[in-house]
Amino acid sequence: MIDIAYNILKVREAIANAAVSSGRTPGDISLVAASKTKSPELIRAAIAAGVDAVGENRVQEMLEKHAQGAYEGAPLHFIGHLQSNKVRQVVGICDLIESVDSAPLIEMIGKRADSLGITQNILLEVNIGSEPQKSGVLPGQVDDLLALASRTQGISVLGLMSVPPVDDVFERNCNYFDAMFNLFIDIRKKTYDNVFMNFLSMGMSDSYVDAITAGANMVRVGSAIFGTRA
Ligand SMILES: *Cc1c(COP(=O)(O)O)cnc(C)c1O
């Protein structure tokens, strides 16, 4: 039996060290448990052990586990690729949609949220490596999408998210994290209505320490909490 509380303790320790050594406090960093393929029981154990949020990748899987009460007591994030035909199932259920990456998605999420009388919090997902096969907005399109989001009812942009390319070379990995942080800071200097650069979500089990060192304040950790996935 995997000891989730112990794993979270270890991850929290590493987060605290990375935060302090980069001039911040441990409490500034949000730990999102990436729980794809994991059972409601394991997710409840992670929530009981004090993760800040739970992140899911697939809408159907999320709705099934949501119906079983898997996420009670923690904010729910959507972190997977969001198809437009699934928007209505996600808006209002998730506290934060981290993976918004197109103008049509922004418009559809805003419309749905507006019809529910709510504001949906989102992050803009950035394809910082400009990889053709990957989700995310290209860095050069970020400003246009923020401008669109700022004039769309029903949406608040709370920051940026990224899944950077993984490189064997440490410096090259860190370059992507640095590029994201620079983008985050650049946008922070501008003012858009309904756009707040509160969260920079990047870093996974094998990279969250480097991501925090580069300036991330939200990390999405799966296997280091729940063990490897089948
Ligand atoms: C699965 C997943 C993670 C966590 O990955 P691990 O390597 O298991 O920590 C983080 N972000 C996204 C978008 C994911 O799909």
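Please read these numbers as outputs of a predicted model, since none were measured by experiment. (Residues numbered from 1 in each chain as written. Predicted model: local features only at pLDDT ≥ 70, side-chain atom pairs only at ≥ 80, totals over all residues. Heavy atoms only, no water.)

*Asks:* I'd like to hear about helix α3 (residues 59–67), residue by residue, with values.
*Replies:* Every buried residue belonging to α3 is among V59, E61, M62 and K65, and all of these are buried. Buried positions in α3, seen along its axis, are confined to an arc of 160 degrees and lie on one side of it. In this fold, the buried residues of α3 make contact with α2 (40–48), β2 (53–56), β3 (76–78) and α4 (87–90). Positive backbone phi, at 75 degrees, marks G69, one or two positions downstream of α3. (Buried < 20%, exposed > 50% of the residue type's maximum accessible area, 1.4 Å probe, protein only. Helix = DSSP H or I, 4+ residues; strand = E, 2+ residues; numbered from the N terminus. Arc of directions from axis to C-beta. Contact = heavy atoms within 4.5 Å.)

*Asks:* Tell me about the site of the ligand, residues and numbers included.
*Replies:* All residues in the neighbourhood of the ligand are listed as A34, K36, N57, I79, M204, S205, R220, V221, G222, S223 and R229. S205 is positioned such that a nitrogen or oxygen atom in its side chain is 2.5 Å from an oxygen atom of the ligand. At 2.8 Å from an oxygen atom of the ligand is found a side-chain nitrogen or oxygen belonging to R229. Out of a free accessible area of 390 Å², the ligand has 87% covered by protein chains. Grouping the amino acids of the shell around the ligand by side-chain chemistry returns four nonpolar, four polar and three charged. (Near = heavy atom within 4 Å. Polar contact = N/O pair within 3.5 Å; in protein donor to acceptor, adjacent residues only side chain to side chain. Areas by Shrake-Rupley, 256 points an atom, 1.4 Å probe, with all protein chains shown as cover. Nonpolar A, V, L, I, M, F, W, Y, C, P; charged D, E, K, R; others polar.)

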